[in-house]
Amino acid sequence: MEAGAEIFRSKDFGSETKFSLGTRKINSPEMGMDGWREIGKHSFTPLSLEETLLGGQSFVWTKKGSHQWRGVIGRSIVDLSLRNGRLSWRASLLHPFSEGELTKYLWIDGSYDAAIEEMPWRSDPVLRESLRAFSGLRILGQPFDETLFYFLLSSAKSISQIKSCGEAVALRYGEKLGFGIGSFPGWNRLCEVPEEELRKLKLGYRAKYVAGVADFLASRSGWLEETASLPYEKAKARLMEMPGVGQKIADCALLFGAGKLEAFPIDTWMDKSLERRYGLEGWSLSQKLTFARVHFGKFAGLAQQFLFSSERRGIFA
DNA sequence: CATGGACCTGTTTCC
DNA sequence: CCACGCAGGTCCATG
């Protein structure tokens, strides 16, 4: 399916420049980037796209303008634009990204609507209100290794701090991609980095976790990939064998980086949500988790994201 | 099995 | 402007 490769000429996209790549002449609004293309069918609203990209499940996206975002997925730089309900994208020429990869990353296909339908919103007014407020909110399909890395940095840090620590590591040890962006270096590369170096990049005590996980993986070739392919419970138990990976981080890595949609990470926001909106004051963490998995079902992780956003952005306040 | 403090450091709030 | 509490979690020691 070929969406028209239209070149936007709006002033929002900067002045148009021409340069050659091999023998082809390329018109591109920005050096090193391909032209804009539109993705026909999607159900994002400005709010749900913003919340999907910047709301705490990913730390690789930056807002470039009121309707535009830039992110790095693997080694590809990807721009997204949502104007008047039209979703458009472009990727770096050096490390291209296909439309198929993007629609998978953004979960743009019928299985999203099916997942929404399967959630218990008919009997749950709290969830129903969240779905209404953040209509179109998705779980992203991010690279597993990188997702694990970012969430290893997440303890007692805010989104902006996690983002800048991760960016610093990527810029220092990853591939330089231009635009001041680096790629995730990969665990093999991180294994060569002393903990002290990571501490200099402001990771604090999390540096020990990163170094520990890198060491752990160095002696286990294929371990992460194998873990991602295991059923949820098995995969979670395996992730928790690693230093610095407890219940919450394991669930985040599996939900956001391995497509385990039944994973239900409980952080302080979700803890508050379950207590205040579902009356679970006094329940232990494991009781809350059991309640959530039973009540929300197969797509508990998606429900979690709606409730998380609602709590964080205060729609019930 | 539940509870509580330590672990880094940037940010917020209070003198 | 400085000192102090706290933060999207994990680990280890206690009761």
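Counting from 1, residues in each chain are numbered in the order their sequence is written. Ligands are numbered from 1 and chains lettered from A, in the order in which they are written. It should be noted that, the model being predicted, local features are given only for residues of pLDDT at least 70 and side-chain atom pairs only at 80 or more, the latter also being counted only at that level, while totals for whole chains, interfaces and linings use all residues. The basis for the side-chain values is all heavy atoms of the structure; hydrogens and waters are excluded.

Asker: A description of the overall build of chain A should follow, citing residues and the corresponding values.
Answerer: Secondary structure counts use DSSP, requiring at least four H or I residues in a row for a helix and at least two E residues in a row for a strand, with both numbered from the N terminus. When you go through chain A residue by residue, the secondary structure sums to 15 helices and 9 strands. Note on method: radius of gyration uses C-alpha positions; expected globular size equals 2.2 Å times residues raised to 0.38. At 20 Å, chain A has a C-alpha radius of gyration in line with the 20 Å of a compact globule built from 317 residues. Based on the C-alpha atoms only, the size of chain A along its principal axes is roughly 65 × 50 × 35 Å. Partly exposed residues are those whose accessible area sits between 20% and 50% of the maximum for their type, while under 20% is buried and over 50% is exposed, using a 1.4 Å probe and protein chains only. Buried positions account for 51% of the 317 residues belonging to chain A. Contacts between residues were defined by any pair of non-hydrogen atoms, one from each residue, lying within 4.5 Å. Looking at chain A alone, contacts between residues at least 24 apart form 63% of all its contacts between residues at least 6 apart. Note on areas: Shrake-Rupley with a 1.4 Å probe; residue coverage comes only from the protein chains shown. Working note: accessible area of chain A is about 14,500 Å², and carbon and sulfur atoms make up 53% of it. Positive and negative side-chain charges of chain A, numbering 43 and 38 respectively, have mean locations separated by a distance of 4 Å. Counting rule for charge: Lys and Arg are taken as positive, Asp and Glu as negative, and neither His nor the chain ends is counted. Throughout, a charge is located at the NZ atom of Lys, the CZ atom of Arg, the CG atom of Asp or the CD atom of Glu.

Asker: Any details on the protein's contact with DNA strand B? Residues and values, ideally.
Answerer: Throughout this document, a residue counts as near a molecule or strand when at least one of its heavy atoms sits within 4 Å of that molecule or strand. Taken together, Gln161, Arg199, Lys202, Gly204, Tyr205 and Arg206 are the residues near DNA strand B. In DNA strand B, the atoms that sit within 4 Å of the protein are 67% sugar and phosphate, with bases accounting for the remainder. We define a polar contact as two N or O atoms separated by no more than 3.5 Å, with the added condition that, inside protein, one atom must be a possible hydrogen donor and the other a possible acceptor, whereas residues neighbouring each other in sequence contribute only through side-chain atom pairs. Note that a base oxygen of DNA strand B is positioned 2.9 Å from one of the side-chain N or O atoms of Arg206. Gly falls in the polar group here, along with every residue not listed as nonpolar (Ala, Val, Leu, Ile, Met, Phe, Trp, Tyr, Cys, Pro) or charged (Asp, Glu, Lys, Arg). For the surface near DNA strand B, the class distribution of residues is 1 nonpolar, 2 polar and 3 charged.

Asker: Provide a residue-level description of the packing of aromatic side chains, including the pertinent values.
Answerer: Two aromatic rings from Phe, Tyr or Trp, using only the six-membered ring of Trp, form a pair when their centres are within 6.5 Å; if the ring planes differ by under 30 degrees the pair is stacked, by over 60 it is edge-to-face, and anything between is tilted. Scanning the entire structure with this criterion turns up 15 aromatic pairs. Ring geometry for Tyr278 against Phe291: centres 5.9 Å apart, planes inclined by 55°, an arrangement best described as tilted. Placement of the pair is Tyr278 in helix 13 (residues 268-278) and Phe291 in helix 14 (residues 285-296), with a sequence separation of 13 residues. Take Tyr278: its relative accessible area is 15%, and that puts it in the buried class. Residue class for Phe291 comes out partly exposed when judged on its relative accessible area of 21%. With centroids separated by 5.7 Å and ring planes inclined at 85°, the aromatic side chains of Tyr278 and Phe296 adopt a geometry described as edge-to-face. Placement of Tyr278 in helix 13 and of Phe296 in helix 14 is noted, with a sequence separation of 18 residues between them. Each member of the pair, Tyr278 as well as Phe296, carries the same accessibility label: buried. Members of the aromatic cluster, joined through ring pairs, are Phe59, Phe149, Tyr150, Phe151, Phe184, Trp187 and Phe256.

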